[in-house]
Amino acid sequence: MAKNDLQGSLDLLVLKTLSQVGSLHGYGIVLHIEKASNELLSVEEGSLYPALHRMEQSGWIKSEWGLTETGRKAKYYRLTASGRKQLEVAERSFEHLVKGIQTILRFA
Amino acid sequence: MNPMAFVSFVKRIFNLLTRVRVEREIQAEIEAHIELRVEDNIRAGMSPQEARGDARRRFGNSALIQERTFLEDSSLIFERLGSDIRYAFRQLAASPRFTMVAVASLAFGISGASTLYSVIQAVLIDPFPYRSADRIVHLHLYDQRATPRDLLLTGPQFLKFETFPDLEGAIAEDRFSEALTGEDLPEQVQVGKLSLNAFQFFGVPALIGREFGPSDSQQVAVLSYRFWKKHYQGRSQIIGSSIQLDHQDYTIIGVAPRRFTWNDQDIYIPLPYSADARRIAGVYARIGPGMTHPMMERKLQPLLDGFAQETPDNFPPKFKVHLVSLNEIAIGEFKNVLVILFIAVSALLLLACVNVAILLLARGEARQPEIAMRKALGASRLRIVGQLFAEGLALSLAGGLLGIFAAVAGIHLVSRYLPRGTFPTEAEIALNLPVLMFSAAISVLSGIGAALWPALRASRSPFRQEAGDIFRVVGQMHVRPDYMVFLAAQVAVTLVLLTASAAALRNLWQVLHADLGYDPQNLISVGLTLHDGAYPRWPDRVNYYERVRREIESQPGVVSVAIAEGPLPPVMLDSAPFSIVGEKSDSNEQVLPLGVSPQYFAAMGIRLLRGRVWSDSETVHAGHVALISEATRRRYWPHSDAIGQTFVLNHGIMTGNVWTLVAPGNAGQYQVIGVVADSPNQGLNEPVMPAVYLPYSMVAFDWFNLVIRIQADSTTLLHAIRQKVYGIDSAQAVGDATTAFDVLEEASLGRERFVAWLFTAFAFLALAFSTFGLYSILSYLVVRRKREFGVRLALGAQRRHIVRLVLSGTSLAITAGIGIGIIADFGCSFLFAQWAHGNTRDPLILSAAILLLTFISLLAAFAPARTAVSIDPIQAIRSE
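Q: Before we move on, can you summarise the overall build of chain B with the specific residues and values?
A: Helix and strand content of chain B: 27 helices and 25 strands. Put simply, chain B has 880 residues, and 42% of those count as buried. Counted over contacts in chain B with a minimum sequence separation of 6, partners at least 24 positions apart contribute 85%.

Q: Give me the overall build of chain A: which residues, what numbers.
A: Across its full length, chain A holds 4 helices and 3 strands. When the helices and strands of chain A are placed in sequence order, the string is α-β-α-α-β-β-α.

Q: Describe the environment of Tyr 544 of chain B, listing the residues and the values that go with them.
A: As for its placement among the helices and strands, Tyr 544 of chain B is situated in helix α18 (residues 538-553). In this structure, Tyr 544 of chain B is in contact with Tyr 535 and Asp 729 of chain B, ignoring residues within four places of it in sequence.

Q: I'd love a proper account of the packing of helix α1 (residues 9-21) of chain A against helix α4 (residues 81-107) of chain A, names of residues and values included.
A: Residue and element names in this part refer to chain A. Close contact between α1 and α4 brings their axes to 9 Å; oriented N to C, the two are set at 130 degrees. The angle between α1 and α4 places the two elements in the oblique class. The hand of the α1/α4 crossing is left-handed. Seen from α1, the contacting residues are Ser 9, Asp 11, Leu 12, Leu 15, Lys 16 and Ser 19; seen from α4, they are Gly 83, Arg 84, Gln 86, Leu 87, Ala 90, Glu 91 and Phe 94. Looking at side-chain class alone, the contact of α1 with α4 contains 5 nonpolar, 4 polar and 4 charged residues.

Q: Pulling in residues and values, what's your account of the interface of chain B and chain A?
A: The interface of chain B with chain A comprises 21 residues on the first partner and 18 residues on the second. Among the secondary structure elements, those contributing two or more residues to the side of chain B that touches chain A are α1 (3-17), α2 (19-43), α3 (48-59) and α4 (62-73) of chain B. Of all the elements, α2 of chain B adds the most residues to the side of chain B that touches chain A, at 8 residues.

Q: Would you mind going over the pairing of strand β16 (residues 590-596) of chain B in detail, with residue names and values included?
A: All names here are of chain B. Most of β16 is tucked away, with 5 of its 7 residues classed as buried. Sheet topology places strand β15 (residues 576-580) next to β16; 2 bridges connect them, and they run antiparallel. Bridging across to β16, Ala 576 finds its partner in Val 591.

Q: Can you break down the packing of α1 of chain A against helix α2 (residues 26-36) of chain A residue by residue, with the values?
A: Residue and element names in this part refer to chain A. One can describe the packing of α1 onto α2 by two numbers: an axis separation of 10 Å at closest approach and a directional angle of 95 degrees. Classified by the angle between their axes, α1 and α2 sit roughly perpendicular to one another. Across the interface between the two elements, Leu 13, Val 14, Thr 17 and Val 21 of α1 pack against Ile 29, His 32 and Ile 33 of α2. Its residues placed into classes, the contact of α1 with α2 shows 5 nonpolar, 2 polar and no charged.

Q: Give me the sheet that holds strand β3 (residues 73-79) of chain A: which residues, what numbers.
A: Residue and element names in this part refer to chain A. Here 3 strands make up an open sheet; going across it, the order is β1-β3-β2 and the pairing antiparallel. The strands lining the two open edges of the sheet, one partner per strand, are β1 (23-25) and β2 (61-67). For this sheet the average axis-to-axis angle between neighbouring strands, irrespective of direction, equals 35 degrees. As paired elements, β1 and β3 share 3 bridges and run antiparallel to each other.

Q: Explain unusual backbone geometry to me, and be specific about the residues and the numbers.
A: Non-glycine residue Asp 264 of chain B carries a positive phi angle of around 55 degrees. With respect to the secondary-structure elements, Asp 264 of chain B resides in the loop between β9 (248-255) and β10 (267-270).

Q: Which residues make up the environment of Ile 42 of chain B, and what values go with them?
A: Residue and element names in this part refer to chain B. Structurally, Ile 42 is set in helix α2. Here the alpha-carbon distance between Ile 42 and Arg 52, two residues 10 residues apart in the chain, equals 9.0 Å. Those residues within four positions of Ile 42 in sequence are excluded, and the remaining contacts are Pro 48 and Ala 51.

Q: An account of α4 of chain A is requested, with residue identities and associated values reported.
A: Residue and element names in this part refer to chain A. Spanning 27 residues, α4 covers 39 Å between terminal C-alpha atoms, matching the ideal 39 Å at 1.5 Å per step. Of all the residues in α4, the buried ones are Gly 83, Gln 86 and Ala 90. As for α4, its buried residues are in contact with α1, β2 and β3.

Q: A description of helix α10 (residues 293-310) of chain B should follow, citing residues and the corresponding values.
A: Residues and elements named next belong to chain B. Compared with the 26 Å implied by 1.5 Å per residue over 18 residues, the 25 Å span of α10 between its first and last C-alpha is a close match. The sharpest bend along α10 reaches about 35 degrees and sits at Gln 301, with the proline Pro 302 one to four residues further on. Listing the buried residues of α10 in full gives Met 296, Leu 300, Leu 304 and Phe 307. Packed against the buried residues of α10 are β3 (152-153), α7 (155-162), β11 (281-287) and β12 (320-325).

Q: Any details on the confidence of the model for chain B? Residues and values, ideally.
A: Residues and elements named next belong to chain B. Across chain B, pLDDT averages 81, with 86% of residues at or above 70. Note on residues 463-478: pLDDT under 50 across the span, and 26 contacts to partners over four residues away in sequence or across chains. Taken together, the chains of this predicted complex give a pTM of 0.63 and an interface ipTM of 0.89.

Q: How would you summarise the environment of Ala 133 of chain B if you had to cite specific residues and measurements?
A: Residue and element names in this part refer to chain B. Positionally, Ala 133 belongs in the loop between α6 (96-125) and β1 (136-142). Among the residues examined, Ala 133 registers 18 C-beta atoms within 10 Å and is labelled partly exposed. Setting aside anything within four residues of it in sequence, one finds Ala 133 in contact with Phe 128 and Leu 326.

Calculation rules
- Along each chain, numbering runs from 1 in the same order as the chain's sequence is written.
- For this description, chains carry letters from A and ligands carry numbers from 1, given in the order in which they are written.
- In keeping with the predicted nature of the model, local features appear solely for residues at pLDDT of at least 70, side-chain atom pairs appear and are counted solely at 80 or more, and the whole-chain, interface and lining totals rest on all residues.
- Each helix is a run of DSSP H or I of at least 4 residues and each strand a run of E of at least 2, with the numbering of both proceeding from the N terminus.
- Remark: C-beta atoms are placed from the backbone, and a residue is labelled buried if 20 or more other C-beta atoms sit within 10 Å of its own, exposed if 12 or fewer do, or partly exposed between those counts.
- Residues are defined as contacting one another if the C-beta atoms placed from their backbone atoms lie within 7 Å.
- The axes are straight lines fitted to the C-alpha atoms, using for helices just the contacting stretch, and the angles between their N-to-C directions are given from 0 to 180°.
- The scheme is simple: roughly parallel for angles under 35 degrees, roughly antiparallel for over 145, roughly perpendicular for 65 to 115, oblique for anything else.
- What makes a crossing left-handed is the near helix being turned counterclockwise from the far one by less than a right angle; a clockwise turn instead makes it right-handed.
- Residue type decides the class: Asp, Glu, Lys and Arg count as charged, Ala, Val, Leu, Ile, Met, Phe, Trp, Tyr, Cys and Pro as nonpolar, and the leftover types, Gly among them, as polar.
- When DSSP finds two or more bridges between two strands, those strands count as paired.
- One fewer than the residue count of a helix, multiplied by 1.5 Å, yields its expected span.
- Each residue is assigned a bend, namely the angle between axes fitted to the seven residues that terminate at it and the seven residues that start at it.
- pLDDT is a residue-level measure of predictor confidence that goes from 0 to 100.

If you want it as structure tokens, here you go:
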């Protein structure tokens, strides 16, 4: 995915991922987004973390330390109630945006 | 701010403080990410080195990511808060008048309340440095007389008293004026003789050296801090040197700390116990914890009754003991004044908060459309609240800071101008930090609260309703009810303070113009004290006093000299029972007796109305004659001639003691030979009590005052007087000179002036607060209704209609405020009645205050009203 992605789309992808999978660490989120998009989207791994921490400060997600299948310590994120609400808002506004862009592309 | 945002805010600040811990956690999280990728890569068949290189490449610059992540965790809110505060300061700077008034209101409120409360704390609540000072009492004995007698005990009685159960110790004390000898000329110093246990009783350690205790000899002395500074310039080498009092040597063993000023003595020496029934001393005691005064009084009464049987001369007949705490002795009626002032200043603090609330509300009101517009443009509710919060915070902090500075200045001012003699010298007036913080917190909270009020209202209400005002022609028809309440409260408090100030000023005026009955110009009084046991025979003592009087009268610069028993008027003296010979009279009749020499009336400038003054020969031969004051004549001989009548006076000291010699043949009967004019004898603005003047020789004390009328300046005179007295008898000392003006100032003038100035300052502050409150409400009202006024003017409304519209909203609030103020005034008047005769209920004062308030209100309304009528209709309609 391009560096200057459409504003907020990374947040949306993270929120959606967590809503589907439940609890996941950063690396898992990266893998899930790539897999779920059939490798169409790839997340710039580093930029995920500031986003995760910002969303946590906004109260959309919560984190706790846990163990991976291979027994490694990692920080797991999960959605909060307000994160769920935010996901709805973000989804709607994204659909709006896509619709708008599509309209322009179709009729321009 | 919603709770979540607040938690986050706190968390972010906390994160900043624990930066290392947070960074380590982020680092661990990133490392885990890379390791997971490495594991996957190895599983996919890469060599470990390859796998790590790939993982790092994919992740990017981990140090930079770590830094950015940390910033998300901490500083963002500060950036936002910072911009909010910058914005708030810009907003405040944009309306300097509003900002100045609001900040000044807060500052005055905070500083006024904390200054006065600090004074009250220092002089009323905790003035004394002594251990458990609140339980130290003095003992008064009441018989049917208005003024009580102090409990006086002999040595053996005191030893019995000291160990009485339920008392936590007691001290015996006596005060003498003694001569400081062994130096140039004898100087009169105040010597406190304290029982040896006294310093243990007080529990205040010495400043330098040590204090005396039960194991000390009698020949030691502890200096007071003031005397040490004055006489020894604060040299610490004097410890161990000797000091001579009445030709007796004492070793200086210590200096008491500055706040130890027990009864304002210069030097403290041990009080010798004596079994002599005529050598008696005053008593102070500390009652046990948990004992109330009435309980203790009941327990002590039988003990004291027993003492009275042993030494009946030292006790009044059929007395009741009454305990008086130190504070009551020290502060007396000034307490009421301070309490009233505190109530006033609390009202002022309230007023300041209300004023800030009004200002912010009016401003918030005017900003509703702006806020609604910003909200419509996408500002979140949190953002708007945050911004207004920042504004309130900036305002309150500025006010609070200024208030703290003003309080520091205020405490200096008050401690300089607080009249001496109205509070104990032990008291140390300093700013009370908790109180300062409390009033600052209240003001800041009220500021923030008032700032948030419109924010919360605006952020709740939908856009159309508020922004609609922009497009609506007719604005709100009425002032919002919360303003009305605030405005009315302001007016009410202002009215009460105005009347209080007027009453205080009138009191001051009355005191300044009181008919003194004597001439205080060029009048001084000098203390004259015999050393212990001097001139024990009555004729010798009277002759000594007469000689001193004559010698000093011959001194150039002296017009006349008199001897008097008491200090200069209007200081109160003890009264004595009075009856007329040959008439059945009520035993409760009391007059104020004063022993004087015949020159007293001329020296004081007291007019002789009838009859004659006695002669010097009548003085030295103990003539049973007296002059009565006009008040006495009016009361006892309203229709008959007083001259030639005889009255009986029961001094209660007829038997005398070591220090007091009663004239031979003095049976307490005196013949009236003249009538003189009244002069105040219970304070300047108190009614004059009947007084009688007797030859001082009838009861010759070991001390008297010389009342001296001088030609002009008295500065060099005191030394000359000391030399004269030294020439007659080198053992006797002369005290300091006090001018009649000093006495007046100390007696009540200082207090009245202080109170009057404070109240006037309060009243004007209150007036300023309400004026600005009204002005700002009306100004914003006019701004909001500009369009409406424009339309009305365009449609032909007269200017006076517009003015009426402007005033109608607030006039109800003002009227209600005045009404409430009048009621509050009646409620407060009983408080004032305790110290002032000019009460606040006086219709003249009340109507003057109402008039002033109305006038000022009209003045405040003038500018907004003028703005309203000068609106250009075309522009007003177009402008928005």
